[in-house]
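For reference, the chains in residue letters:
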Protein chains: 2
Amino acid sequence: MTSTQHSARGQARRDEIVRAAVEVIAERGYRGASLAAVAEKVGLTQQGLLHYFPSKEALLIGVIQFRERTDTGGRDTTAEPMTMAATMGVVEANAHREAIVRTFSALLGESVTEDHPAAEYFRLRYRRVRVALAATLRQEWGDRLPSGLTPEEAAPLVIAIMDGLQFQWLHEPESFDMPAAFRAFVRLLDPKAAQ
Amino acid sequence: MTSTQHSARGQARRDEIVRAAVEVIAERGYRGASLAAVAEKVGLTQQGLLHYFPSKEALLIGVIQFRERTDTGGRDTTAEPMTMAATMGVVEANAHREAIVRTFSALLGESVTEDHPAAEYFRLRYRRVRVALAATLRQEWGDRLPSGLTPEEAAPLVIAIMDGLQFQWLHEPESFDMPAAFRAFVRLLDPKAAQ
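If you're wondering where the values come from, they're calculated on a predicted model, not measured in any experiment.

A.B. asks: Got a minute to help me understand the overall build of chain A in this structure?
C.D. replies: Along the backbone of chain A there are nine helices and zero strands. Expressed along its principal axes, the backbone C-alpha trace of chain A runs to roughly 55 × 45 × 30 Å. For chain A, the residues scored as buried account for 52% of the 195 residues in total. For chain A, the share of sequence-separated contacts (at least 6 apart) that also reach a separation of at least 24 residues comes to 64%. Working note: accessible area of chain A is about 8800 Å², and carbon and sulfur atoms make up 53% of it. Of the charged side chains in chain A, 23 are positive and 25 negative, and the gap between their average positions amounts to 3 Å.

Below you can see the structure in the form of structure tokens.
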């Protein structure tokens, strides 16, 4: 067996573990998502699971990366930007996957504490998504948005709105309309956008 | 001694504990901010401290409330709205108190996990701040902002931007300019605002 086959098999196994983790999170929530619960679901010992993901944080990062890959259809969004409509689609989809959004938001919160294992992941993710979103905005509107902002000024605001609205929504999922709030923000970026 | 004196003394003692907690957080960070460390600083046993704050989460909520009271000069912002300039001032001040912002953001993240003791606090805080900010925006611009949004549509976006930008800033405090990003957002709300 070549090492390429090895690593393809390893990747398939990792994906299987991540899918199991998504199910465990949906069933038991962020705190209940222990490595032991996930290991049991895929028929591994906890020791066996640690071979693929050395900590709970590493596994949760795997879950978030898996979600991102699914959201963007596996494309490299830095090379080939998403549209704002696709970004709106992500927000709509998020409103139907509370457990995953809760996991993302809880891990984001933890990641700002001292020496947290997910800090580097979020730092690099923010840099990458800012670049990808600036490309999206430039593709849509050129070097100036209708509001007068540059794509580079607007990109961190799009991310902040998505992250920030999730917290308000998670605290009142029944009554806070996250997609409507995001649409209001898109109207700020382009007052002529769909009302 | 009347019960009013009792409670005034209790409040003074609580404020003293909260100030000590702010110092401990600045010195040791969110994870190092144990009840034991705070108790030691104010010369109480841990048991004595629990009389005022029954858990670490309760103490951290106390810290955030204290910061809010200070930020608004003790005013009830629902009855007497802040200005957008004052809101900008809060963001500028936050950029100089990383430890407290880190504590706020970490606790916000934790609060969305199952049955977290700070969940109710954040739910009520979001409701209250949305109402206060809508009043601020209405005072400044009337029933429609220059961008066409109503104050009620814009208020949750202001909060989301503040919460969301803090995470990007906390992951790159040296290079991410949080006040500049917030000013860009204010220009979205009012394209004629100070450039």
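A.B. asks: Help me understand the relation of the copies chain B and chain A, please; the structure alone is not making it clear to me.
C.D. replies: Here two copies of a chain appear, and what relates them is a rotation about an axis with a shift along it. Least-squares fitting of chain B to chain A yields an RMSD of 0.0 Å, with the superposition described by an axial translation of 0.0 Å and a rotation of 180°. Taken together, the rotation and translation describe the operation of a two-fold axis. Of every C-alpha in chain B, the one belonging to Gly109(B) sits nearest the axis of rotation, 1.9 Å from it. Looking at the interface residues of chain B, 100% of them are also at the interface in chain A, so both copies use one shared face.

A.B. asks: Looking at this structure, I do not really get helix α8 (residues 151–171) of chain A. What am I missing?
C.D. replies: Residues that lie three or four places apart on an α-helix share one face, since the helix turns once every 3.6 residues. For α8(A), with 21 residues, the first-to-last C-alpha span of 31 Å sits near the 30 Å given by 1.5 Å per residue. Along α8(A), 19 of the 21 residues are buried, which leaves the element largely enclosed by surrounding structure.

A.B. asks: Which parts of the structure should I look at to understand the pattern of salt bridges?
C.D. replies: Pairing between side chains of opposite charge can happen when the charged atoms of each approach one another. This model, assessed by the stated rule, comprises 30 salt bridges over all chains. The shortest N-O distance in the salt bridge between Arg97(A) and Asp71(A) comes to 2.9 Å. Here the residue Arg97(A) occupies a position in the loop between α5 (84–94) and α6 (98–111), and Asp71(A) occupies one in helix α4 (residues 56–71), the gap between them amounting to 26 residues. Two residues, Arg128(B) and Glu68(B), come together in a salt bridge whose shortest N-O distance is 3.4 Å.

A.B. asks: Looking at this structure, how should I read the UniProt feature "DNA-binding region" (unreviewed entry) in chain A?
C.D. replies: Those places that UniProt annotates as "DNA-binding region" (unreviewed entry) correspond, in this numbering, to residues 34–53 of chain A. For residues 34–53 of chain A, the helix share is 70%, the strand share is 0%, and the end-to-end C-alpha distance is 12 Å.

A.B. asks: Whenever I open this one, the domain arrangement of chain A confuses me. Can you help?
C.D. replies: How big an interface is tends to be stated in terms of accessible area lost as the parts join. All names here are of chain A. Domain assignment breaks chain A into domain 1 (1–54) and domain 2 (74–195). The C-alpha centroid of domain 2 is placed 28 Å from the C-alpha centroid of domain 1. Between domain 1 and domain 2, the contact holds four residues from the first and six residues from the second. Summed over both partners, the interface of domain 1 with domain 2 comes to about 450 Å²; 76% of that surface belongs to carbon and sulfur atoms. Broken down residue by residue, the surface that domain 1 buries against domain 2 is led by Val22, Ile25 and Tyr30, which jointly contribute 93%.

A.B. asks: Even after reading the chapter, I still don't get the side chain of Arg125(A), so can you show me in this structure?
C.D. replies: The topology assignment puts Arg125(A) in helix α7 (residues 119–141). Judged by relative accessible area, Arg125(A) falls into the buried class, the value being 10%.

A.B. asks: Where do I start with the environment of Arg102(A) in this structure?
C.D. replies: Residue and element names in this part refer to chain A. You can see Arg102 is positioned in helix α6. On a C-alpha basis, the gap between Arg102 and Ile25 in space is 9.3 Å, while along the polypeptide they are 77 residues apart. Within the structure, Arg102 has its side chain in polar contact with the backbone oxygen of Leu170 (distance 3.1 Å).

A.B. asks: So what exactly am I meant to see when it comes to helix α9 (residues 178–189) of chain A here?
C.D. replies: Here α9(A) contains twelve residues, and its C-alpha end-to-end distance of 17 Å stays within 8% of the 16 Å for a straight helix at 1.5 Å per residue. Regarding α9(A), the residues found buried are Met178(A), Pro179(A), Ala181(A), Phe182(A), Ala184(A), Phe185(A), Val186(A), Arg187(A), Leu188(A) and Leu189(A). The elements touched by buried residues of α9(A) are α5, α7 and α8 of chain A together with α8 (151–171) and α9 (178–189) of chain B. Between the side-chain oxygen at the start of α9(A) and the backbone nitrogen of Ala180(A) there is a gap of 3.1 Å, and the oxygen is on Asp177(A).

Rules used throughout
- Residues numbered from 1 in each chain as written.
- Chains lettered and ligands numbered in written order.
- Predicted model: local features only at pLDDT ≥ 70, side-chain atom pairs only at ≥ 80, totals over all residues.
- Heavy atoms only, no water.
- Helix = DSSP H or I, 4+ residues; strand = E, 2+ residues; numbered from the N terminus.
- Buried < 20%, exposed > 50% of the residue type's maximum accessible area, 1.4 Å probe, protein only.
- Contact = heavy atoms within 4.5 Å.
- Areas by Shrake-Rupley, 256 points an atom, 1.4 Å probe, with all protein chains shown as cover.
- Lys, Arg positive; Asp, Glu negative; His and termini not counted.
- Charge placed at Lys NZ, Arg CZ, Asp CG, Glu CD.
- Least-squares fit on C-alpha atoms with pLDDT ≥ 70 in both.
- Expected span 1.5 Å × (residues − 1).
- Salt bridge = Lys/Arg side-chain N within 4 Å of Asp/Glu carboxyl O.
- UniProt positions renumbered as here; feature names shortened; annotations may be inferred.
- Domains from an automatic or database assignment.
- Buried area = accessible area lost by both parts, 1.4 Å probe.
- Polar contact = N/O pair within 3.5 Å; in protein donor to acceptor, adjacent residues only side chain to side chain.

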